[in-house]
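# Summary of the model geometry
If you want the building blocks of each chain, they are given just below.
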Amino acid sequence: MTLQLLICTFNDGILRIPDLLLPPLDGVAYLVSWQQSEEFSPPPLPESLACRPDVEVYTLPGLGLSRNRNHCLKHATADICMICDDDCRYTPEALRAVVDTFAQNPQLDIATFIAKNPTEPKRYPPMRFNLKKPVKGFYVISFEIAFRRKSVVGTVEFDRRFGLGAELFGAGEENIFISDALRAGLLCEYFPIEVVEHLGPTTAVTRCADEKVLRANGAVLYRCFHATMWLRLPLLAWRVHRASGIAFGTAFRHILSGIRAMKNSEKGVG
């Protein structure tokens, strides 16, 4: 069973990819989608990438993290794929654990795992569970996700309205991806296995007060927590206020606009 790490990078981020690579491993390959803005002048591909037969690099013009993720899906070839960012780090043992999880669970379509992040600790449940019924407080980050390629490609993709660089919703693409997968009937489970280390804070911390990120939070509330979204809305706005200093009313207003935008979108309005 083969494994491919699907790495999204943007502009000069290509220069960070060599630090992510492990020495060649049987059955493990790397697929890099190198997204480039219009004004960017790309440097030569680092020799440490060009000389590796287990590394493929595809370029993509324009903006949008979800577009970049989908570009990876388009070119993926391995049995098992794992979503990656250019600031992730891996070990051979961790990658073997990902493959073993799918080998031991042949009905499994998508798995989420534990990501270590010393600068932004996250609490993970100690038990395995189906993402249809997530444990209270649980949420998914993109680089925790791995999937069986034949189950996902052609069935689910990342929603281009979401993620860094998107016009409307500046985050939340992984939540919508999992929601869409569950709607499509895919088996999605969490496993309490540490498989990746992420360096530095995530978008949830660095851009938590950004208007597009707040709208994305509202859209995710509507899609993933519809029954309790009105209870969660003020609590989320308060947490953003405490974390960033943005006015509670401003946070509340932007999150609410995301709920309304998602509601209109799903009804085909606008």
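Going by the structure above, here's the rest.
The structure presented is a predicted model; accordingly, all values stated were derived computationally and were not measured.

### What about the pairing of strand β1 (residues 3–10)?
Within β1, seven of the eight residues are buried, which leaves the element mostly enclosed by the surrounding structure. As paired elements, β1 and strand β2 (residues 28–36) share eight bridges and run parallel to each other. Residue pairing across strands places F10 opposite Q35, the latter belonging to β2. Alignment of β1 against strand β4 (residues 80–85), held across six bridges, turns out to be parallel. Note that in β4 the partner of I7 across the bridge is C84.

### Structural notes on the environment of E39
Tracing the chain through its elements places E39 in the loop between β2 and α2 (47–50). Judged by its relative accessible area of 65%, E39 is exposed. For the pair E39 and N11, spaced 28 residues apart in the sequence, the C-alpha separation amounts to 9.8 Å. Within polar-contact distance, the side chain of E39 engages the side chain of S37 at 3.1 Å.

### Regarding the environment of G165
Position of G165 relative to the elements: it lies in the loop between α5 (149–152) and α6 (173–183). You can call G165 partly exposed: its relative accessible area is 47%. Through-space distance from the C-alpha of G165 to that of L63 is 5.5 Å; in sequence the pair is 102 residues apart. Residue contacts for G165: discarding those within four places in its chain leaves L63 and G64.

Rules used throughout
- Residues numbered from 1 in each chain as written.
- Predicted model: local features only at pLDDT ≥ 70, side-chain atom pairs only at ≥ 80, totals over all residues.
- Heavy atoms only, no water.
- Buried < 20%, exposed > 50% of the residue type's maximum accessible area, 1.4 Å probe, protein only.
- Helix = DSSP H or I, 4+ residues; strand = E, 2+ residues; numbered from the N terminus.
- Pairing = 2+ DSSP bridges.
- Polar contact = N/O pair within 3.5 Å; in protein donor to acceptor, adjacent residues only side chain to side chain.
- Contact = heavy atoms within 4.5 Å.

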